Amino acid sequence: MMITCSDLGVCPEINFDQGIGDIFVIRIAGNVVEPVVLGSIEYGVEHLHTPILVVLGHQSCGAVTATV
């Protein structure tokens, strides 16, 4: 499972040499975990038995800049 910023310019599946749909990806602005996002994480862990959670960020994030 991957949590990535919504304005990340690269597809996570390509970075990790996976096909589309092979990774449970949650894309959100600024990697801010709100209740709905937390529900998706819980679903991935409890029902899909996700063995690892990766939080992927990047430099010059527009969402973080806008928040600050």
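Residues numbered from 1 in each chain as written. Predicted model: local features only at pLDDT ≥ 70, side-chain atom pairs only at ≥ 80, totals over all residues. Heavy atoms only, no water.

A. Quick peek at the overall build of the protein chain. Along the backbone of the protein chain there are three helices and three strands. Taken along the three principal axes of its C-alpha coordinates, the protein chain extends 35 × 30 × 15 Å. Here the protein chain holds 68 residues, and the buried ones make up 28% of them. Pairs at least 24 residues apart make up 55% of the contacts formed inside the protein chain by residues separated by at least 6 positions. When the accessible surface of the protein chain is summed, it comes to about 4,600 Å², and 59% of that surface belongs to carbon and sulfur atoms. (Helix = DSSP H or I, 4+ residues; strand = E, 2+ residues; numbered from the N terminus. Buried < 20%, exposed > 50% of the residue type's maximum accessible area, 1.4 Å probe, protein only. Contact = heavy atoms within 4.5 Å. Areas by Shrake-Rupley, 256 points an atom, 1.4 Å probe, with all protein chains shown as cover.)

B. Up close: the packing of aromatic side chains. In this structure the tally under the stated criterion is one aromatic pair. Measuring from ring centre to ring centre gives 6.3 Å for Phe 24 and Tyr 43, while their planes differ by 40°; the resulting arrangement is tilted. Here the residue Phe 24 occupies a position in the loop between helix 1 (12-15) and strand 2 (25-28), and Tyr 43 occupies one in helix 2 (residues 35-46), the gap between them amounting to 19 residues. Of the residues examined, Phe 24 reaches a relative accessible area of 28% and is grouped as partly exposed. (Phe/Tyr/Trp six-rings, centres within 6.5 Å; stacked < 30°, edge-to-face > 60°.)

C. The arrangement of the sheet that holds strand 3 (residues 54-56) in detail. Here we have three strands laid out as an open sheet, ordered 2-1-3, and parallel in their pairing. Strand pairing shows two members of the sheet lacking a second neighbour, strand 2 and strand 3, which therefore form its edges. Averaged over all adjacent pairs, the angle separating strand axes in this sheet is 20°, with direction ignored. Both strand 1 (residues 2-5) and strand 3 contribute to a ladder of three bridges, which runs parallel. (Pairing = 2+ DSSP bridges. Axes fitted to C-alpha atoms, helices over the stretch in contact; angles between N-to-C directions.)

D. Spotlight on the nonpolar core. Met 1, Ile 3, Ile 26, Ile 28, Val 37 and Ile 41 form the largest nonpolar core, which has six residues in total. Of all the secondary structure elements, the ones that give two or more residues to this core are strand 2 and helix 2. Excluding residues that lie within four positions of it along the chain, Val 37 makes contacts with Ile 26, Ile 28 and Val 32. (Core = buried A, V, L, I, M, F, W, Y, C linked by side-chain atoms within 4.5 Å.)

E. Layout of helix 2. Across its twelve residues, helix 2 extends 16 Å between first and last C-alpha, which sits within 8% of the 16 Å expected from 1.5 Å per residue. Turning to helix 2, its buried residues are Val 37, Ile 41 and Gly 44. In a view along the axis of helix 2, the buried residues occupy a sector of 60°, so they form one face of it. Those residues of helix 2 that are exposed and angled more than 90 degrees off the buried face are Pro 35, Val 36 and Glu 46. Those residues of helix 2 that are buried lie in contact with strand 1 and strand 2. (Expected span 1.5 Å × (residues − 1). Arc of directions from axis to C-beta.)

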